[in-house]
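Commentary on secondary and tertiary structure
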Amino acid sequence: MASVSMTVNGKSVTGNVDPRTLLVQFLRENLRLTGTHVGCDTSQCGACVVHVDGRAVKSCTTLAVSCDGAHVTTIEGLANGTELHPMQAAFREHHGLQCGFCTPGMIMTAVDMVNRKGSNLDEHTIREELEGNICRCTGYHNIVKAVAAGAQAMASTGQKVAAE
Amino acid sequence: MTATEIGAPVRRKEDFRFITGKGQYTDDINRPGQSYAYFVRSPHAHATIKSIDATAARAVPGVLAVLTGDDLAADKVGGLICGWMIHNKDGSPMKAGAHPALAQGKVRYVGDHVAVVVAEDYATARDAAEKVVVDYGVLPAVVDMNEAVTGKTVIHDVAPDNRVYDWSLGDKAATDAAFAKAKHVTKLHIVNNRLVPNAMEPRAAVGDYDSGTEQFTLYTTSQNPHVARLVLSAFIGIAPEHKLRVIAPDVGGGFGSKIFIYAEETVCVWAAKKVGRPVKWTADRTEAFLSDAHGRDHVTDAELAMDEKGRILALRVKTKANLGAYLSTFSSSVPTYLYAPLLSGQYDIPAIYCEVDGIYTTTAPVDAYRGAGRPEATFVVERIVEVAARELGQDPTAFRRRNFVRKFPHQTPVIMMYDAGDYSASLDKALEMADYRNFGKRKRESARKGKLRGIGFSAYIEACGIAPSAAVGSLGAGVGLWESAEIRVNPVGTVEVLTGSHSHGQGHETTFAQLVSARLGVPIDQVSVVHGDTDKVQFGMGTYGSRSGAVGMSAISKALDKVVAKGKKVAAYVLEASADDIEFKDGRFQVAGTDKSLAFGEVALQAYIAHKFSGQELEPGLKEGAFYDPTNFTFPAGVHICELEIDPETGVTTIERWTAVDDFGHVINPMIVEGQVHGGIAQGVGQALLEGARYDANGQLVTASYMDYAMPRADDLPSFQVGTTVTPCPSNPLGIKGCGEAGAIAAPPAVINAITDALGHEDIAMPATPQAVWKACQKAARKMAAE
Ligand code: FES
Ligand code: FES
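Computed from a prediction, not measured in an experiment: that's the story for all the values here.

Points about the environment of E432(B)
Residues and elements named next belong to chain B. With respect to the helices and strands, E432 occurs in helix α12 (residues 423-433). Using a relative accessible area of 53% as the deciding quantity, one classes E432 as exposed. In the structure, E432 is positioned 188 residues away from L244 in sequence and 55 Å away in space, judged by C-alpha atoms.

Some thoughts on the packing of aromatic side chains
All chains considered together, the criterion is met by 22 aromatic pairs over all chains. Ring centres of F101(A) and Y25(B) lie 5.2 Å apart, and the angle between their planes is 90 degrees; on these two criteria the pair is classed as edge-to-face. Here the residue F101(A) occupies a position in the loop between α2 (86-93) and α3 (103-117), and Y25(B) occupies one in the loop between α1 (15-19) and β1 (35-41), the pair thus bridging two chains. Just as F101(A) is buried, Y25(B) falls in that class too. Between the aromatic rings of F408(B) and Y423(B), the centroid separation amounts to 5.5 Å while the plane-to-plane angle is 85 degrees, which identifies the pairing as edge-to-face. Separated by 15 residues along the polypeptide, F408(B) in the loop between α11 (396-403) and β16 (410-411) and Y423(B) in helix α12 bring together distant segments of the chain.

Considerations on the nonpolar core
Counting 217 residues, the largest nonpolar core has F91(A), L343(B), W658(B) and I755(B) as its most contacted members. If one sorts the elements of this core by residue count, helix α19 (residues 742-759) of chain B sits on top with 11 residues. The contacts of I755(B), once residues within four sequence positions are left out, are L644(B), I646(B), T653(B), L689(B), I764(B) and A768(B). Grouped together as the second largest cluster of nonpolar side chains are 47 residues, V522(B), V527(B), F584(B) and L598(B) included.

Overview of the domain arrangement of chain B
All names here are of chain B. Split into domains, chain B comes out as domain 1 (17-139 + 200-253 + 258-291), domain 2 (298-466 + 632-786) and domain 3 (482-628). On a C-alpha basis, the centres of domain 1 and domain 2 stand 35 Å from each other. Counting residues at the interface gives 28 residues for domain 1, matched by 31 residues for domain 2. Approximately 2,600 Å² of surface area, both sides summed, lies buried where domain 1 meets domain 2, with 67% of it carried by carbon and sulfur atoms. Summed over the three residues of domain 1 that lose the most area to domain 2, namely W84, F260 and F289, the buried surface amounts to 26% of that side. Across the contact surface, domain 1 and domain 2 share one salt bridge. As a salt-bridge pair, K89 and E355 come within 2.6 Å of each other at their nearest N and O atoms. At the boundary of domain 1 and domain 2, one finds 11 residue pairs in polar contact (both at pLDDT 80 or more). With four residues, helix α9 (residues 285-291) is the largest single contributor of residues to the side of domain 1 that touches domain 2.

Here we look at the interface of chain A and chain B
Listed per partner, the contact involves 45 residues of chain A and 55 residues of chain B. The junction of chain A with chain B conceals about 4,200 Å² of combined surface from both sides, 53% of it contributed by carbon and sulfur atoms. Here chain A is connected to chain B by five salt bridges. One salt bridge in this structure joins R20(A) and D127(B), with 2.9 Å as the shortest N-O distance. Across the contact surface, chain A and chain B share 29 residue pairs in polar contact (both at pLDDT 80 or more). Taken together, the elements giving at least two residues each to the side of chain A that touches chain B come down to α2, α3, α4 (123-129) and α5 (141-156) of chain A. Take the side of chain A that touches chain B: its biggest share by element is four residues, from α2(A). In terms of residue class, the side of chain A that touches chain B is built from 16 nonpolar, 17 polar and 12 charged.

Regarding the UniProt feature "domain: Aldehyde oxidase/xanthine dehydrogenase a/b hammerhead" (unreviewed entry) in chain B
The UniProt record marks residues 20-140 of chain B with the feature "domain: Aldehyde oxidase/xanthine dehydrogenase a/b hammerhead" (unreviewed entry), using the residue numbering of this structure. In this annotation, residues 20-140 of chain B is assigned 15% helix and 29% strand; the end-to-end C-alpha distance for the span is 51 Å.

As for the pattern of salt bridges
Residues and elements named next belong to chain B. Applying the stated criterion to the full structure yields 54 salt bridges over all chains. Ionic pairing is found between R12 and D15, a salt bridge with its closest N-O pair at 2.8 Å. Accessibility classification places R12 together with D15 in one group, the buried group. Its salt-bridge partner being E741, residue R374 comes within 2.9 Å of it at the nearest N-O pair.

What about the sheet that holds strand β27 (residues 652-663) of chain B?
All names here are of chain B. Within the open sheet, the four strands sit side by side as β18-β26-β27-β28. Their pairing is mixed. Of all the strands in the sheet, the pair left with one neighbour each is β18 (452-461) and β28 (721-725). The sheet shows a mean angle of 15 degrees between the axes of neighbouring strands, taken without regard to direction. Sheet contacts for helix α13 (residues 439-448): β18, β26 (637-647) and β27; angle to β18, the most-contacted strand, approximately 140 degrees.

Focus: the confidence of the model for chain B
A residue-level look at chain B finds 100% of positions with pLDDT of 70 or above and a mean pLDDT of 96. Across the interfaces of the predicted complex, the ipTM metric reaches 0.97, alongside a pTM of 0.96.

A word on empty space enclosed by the protein
A probe as big as a water molecule, rolled over the atoms, marks out the empty space that is left. Residue and element names in this part refer to chain B. Tallied over the entire structure, the rule returns seven cavities of 30 Å³ or more. By volume, the largest cavity amounts to about 740 Å³. Going through the elements one at a time, α15 (508-520), α16 (548-575) and α18 (670-690) are the ones with two or more residues in the lining of the largest cavity. In this structure, the second largest cavity encloses a volume near 120 Å³. Taken together, the residues of the lining of the second largest cavity break down into 10 nonpolar, five polar and one charged. When residues of the lining of the second largest cavity are sorted by domain, at least three fall in each of domain 1 (17-139 + 200-253 + 258-291) and domain 2 (298-466 + 632-786).

Remarks on the pairing of strand β20 (residues 495-499) of chain B
Residue and element names in this part refer to chain B. Of all five residues in β20, four are buried; the element is thus mostly enclosed. When strand β19 (residues 483-489) meets β20, the two strands line up antiparallel, connected through five bridges. Of the residues in β20, the one forming a bridge with I487 is V497. Hairpin connection, β19 to β20: the antiparallel pair is bridged by five residues, and G493 has positive phi, about 95 degrees. Looking at chain direction, β20 and strand β21 (residues 527-530) are connected through four bridges and run parallel. Bridged to V497 within β21 is V529.

Points about the side chain of D15(B)
Residues and elements named next belong to chain B. Along the chain, D15 falls in helix α1. The class for D15 is buried, based on a relative accessible area of 0%. In this structure the side chain of D15 is engaged in a polar contact, spanning 2.8 Å, whose partner is the side chain of R12.

Concerning the packing of helix α10 (residues 374-391) of chain B against α11(B)
Residue and element names in this part refer to chain B. Close contact between α10 and α11 brings their axes to 8 Å; oriented N to C, the two are set at 115 degrees. Between α10 and α11, the angle is such that the two are roughly perpendicular. In the packing of α10 onto α11, the handedness of the crossing is right-handed. Across the interface between the two elements, E382, V385, E386, A388 and A389 of α10 pack against P396, F399 and R400 of α11.

Side note on the packing of α10(B) against α19(B)
All names here are of chain B. Viewed as axis vectors pointing N to C, α10 and α19 meet at an angle of 30 degrees, and their least axial separation amounts to 8 Å. Between α10 and α19, the angle is such that the two are roughly parallel. α10 and α19 meet at a crossing whose hand is right-handed. Contacts between α10 and α19 involve R374, P375, T378, F379, E382, R383, E386 and R390 from the former and A744, I745, P748, P749, I752, N753, T756 and D757 from the latter.

A few points about the sheet that holds strand β22 (residues 582-585) of chain B
All names here are of chain B. Pairing is antiparallel across the open sheet formed by three strands, whose spatial order is β22-β23-β24. Each edge of the sheet is formed by a strand with only one pairing partner; in this case those strands are β22 and β24 (597-599). Geometrically, the sheet is characterised by an average inter-axis angle of 20 degrees between neighbouring strands, direction not taken into account. Pairing of β22 with strand β23 (residues 588-591) involves four bridges; the strand directions are antiparallel. Note on β23: the bridge partner recorded for I582 is V591. Of the strands in this sheet, β22, β23 and β24 touch helix α17 (residues 600-609), which is tilted by about 85 degrees from β24.

Conventions we followed
Residues numbered from 1 in each chain as written. Chains lettered and ligands numbered in written order. Predicted model: local features only at pLDDT ≥ 70, side-chain atom pairs only at ≥ 80, totals over all residues. Heavy atoms only, no water. Helix = DSSP H or I, 4+ residues; strand = E, 2+ residues; numbered from the N terminus. Buried < 20%, exposed > 50% of the residue type's maximum accessible area, 1.4 Å probe, protein only. Phe/Tyr/Trp six-rings, centres within 6.5 Å; stacked < 30°, edge-to-face > 60°. Core = buried A, V, L, I, M, F, W, Y, C linked by side-chain atoms within 4.5 Å. Contact = heavy atoms within 4.5 Å. Domains from an automatic or database assignment. Buried area = accessible area lost by both parts, 1.4 Å probe. Salt bridge = Lys/Arg side-chain N within 4 Å of Asp/Glu carboxyl O. Polar contact = N/O pair within 3.5 Å; in protein donor to acceptor, adjacent residues only side chain to side chain. Nonpolar A, V, L, I, M, F, W, Y, C, P; charged D, E, K, R; others polar. UniProt positions renumbered as here; feature names shortened; annotations may be inferred. Pairing = 2+ DSSP bridges. Axes fitted to C-alpha atoms, helices over the stretch in contact; angles between N-to-C directions. pLDDT = per-residue confidence, 0-100. 1 Å grid on protein atoms, 1.4 Å probe; cavity = no way out; pocket = protein on both sides within 12 Å on 5 of 7 lines; lining within 4 Å. Points joined across faces, edges and corners; volume = space filled by probe spheres on them. Parallel < 35°, antiparallel > 145°, perpendicular 65-115°, else oblique. Left-handed = near helix turned anticlockwise from the far one by under 90°.

Right, dumping it as structure tokens:
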């Protein structure tokens, strides 16, 4: 067993884990933060995307022990209390989700996309940048709209990623 | 229009929990003392099991049990069932082999369930599974349907030639006669590729058993928890229904694959009692590829007979349907009654004859996947009419129009009675939106850039609702396909809607609340929708076949009628009037022609305090239920147009425009309906361009991960232009037809018709990957050089 400490959604947490424990397992099973999902075992679907030290990572492909000392933000940490992050609000407003399973990963990826690429995102850029996230329900049409609108809203509220 | 009335794009009530990570999917549920299951699966496509030695696995610290098919048999746990009886041409019943939840004596596909290891944690269960020693007697795999029917290798003893059934529909003599006098016959060989549904949430189950009350609870990723409970009780024999609760909480997509009752959930709920602990199982993606029921996988030869003007005289179809190694819950119905009755498409075809052979192979079971039979039928019809038009030198839209059904109701030669539609209206609107007029110009522009541009049409029809019950019963269905609803009005006037439908992305919490809010005049946030729990909702048939609007909401509508009727009686006592004089409008009960009225909430309170009437006159309370059985299937129809460009140098196909015009009847929430269309198109484009499940000759699934099976991604798809036309459905009170499967049904032929239009020849199979398209381009170039 290995001990691991990190800050998750602004709270410090520690755990004693089997060294092979993945970050997503640590989040879901040790911390019961079940908003981060697992949709594949080959690092393809992006259902598991969280932010580690401000950058999007696939938590299914990251060992928990490698995040020792890191700041992790999950979907549960994105809203400011009951006030939704603009990207979350945009997904609801533009019907960017159906079953909701891919949604946490999509939103975390979208926020990271804005942080890296700015808030004026054209359709082509959004589609290319979503390459690592699979949605089986929406056909992406409304996800693309939601990301573009969420990016604009992030700019107008002067928001960077929450709760780093 | 008010913000929440019927027809308004109300934002979804369920979204808050999903966008904040508070959804509760099955794998998010953890029961106190829970243990974990891992399945030992067959690495062989076909083998006898000589022995299973679990000694070493059982000795691993943390392992609670290793259970096999012998344990199931000892506990008299029944096998999985197929709930739709199909009869052969000679009237004899189909040949269904036994399907134990854990193999008994033989495995029949890679991934078949051999044993289960239950342990303190998932890693231990998985590690210990490696130590279960199975001695297999390997038998030949049978992957190809033509090889299967030779019977050289027998998969189930009951079916010596591996044929589950040979079935037919339609009038053979009339069809043959029509072909005999035809002036032109178009022939087409079609392979409808095998797909893996791939809901993003993998299947999962948590079985729980309370030894004090002898009560089982199963949390599972199901589209129809009541049907799961019925099957687990009445057929598999886990527990009687009143001792088994099935909960399908938030479910992350289904597309058909979560209709079925699978081995894993059966084993989890049974094992919970055996080990005395809750048992949880969650599929990893590879397990999902191996053991979720697959979709499609037909090989078809079709012929279309026409007169000299291009009027269709008859259609003859012969299909081989791969059903996999076992019959899944509804698999037998998919290539038969969900397929052949749609072969008339939107066309007036005097004679149709279809023969289908259902065939066992040593591959995963094949069952309903979004559209289920209807995409396969539509692919046959829409490909062959397109090719026929080309052969006759006619514009494909004019050819279709000439043959459209115009008068309703229209009885097809293959069971269906189309009740309403206006196919020309959808075609006109689609052509306008797609700017068909200027297609030629765009094609020339593409040619100047060295690209091949094509346009493809698909004028699909589907049959939704899968009811009335008596009709499907006469066709072999083991269940009735009505729906139930209950409206519970609370004393304060808030409303709970209990529905037998199940939402796994369709937004029922919003649309159903929208209906109730509009009818009762109660604000939408005071309406909540309850589904997916057999302890809360008495019974229901679940969600598939685009039936929750047409059938599920109709049941709600019927229950609402009863609530209003009861409310009028209550109001009559309070307002001292006759119930016949009470009108209900805009949320108020009013004595006609007076200003005496009560708000809905006031009547609800009066119904519960019951001071104004005696219990002999009227029962207190305000709660009504309804079961609704439709009078017919519903028939959504529409036209999709795909315009694409091919780069002949690379074979890469880019969809430039997608136009969809659908007639879904009345629409409750257009935002949600459009979303359903988008998702369906994406899956249909996936089938046409990207997706294909492949088994090698040894029966190994070589496409068992997202590295090998190409899922449609954001950059594979365009944005879609979506429009509607409306002919209300006459067979249900809301005029709804259903929209969930339309895109997946319409899209594949639209794409392939566009590709073949671009290529100038018909020789391309699905998925039309860049490699396949590149090869087809070489052939096109040779053809051009020769001409
Ligand atoms: S679960 Fe991480 S990429 Fe699929
Ligand atoms: S909303 Fe269901 S997978 Fe994206």
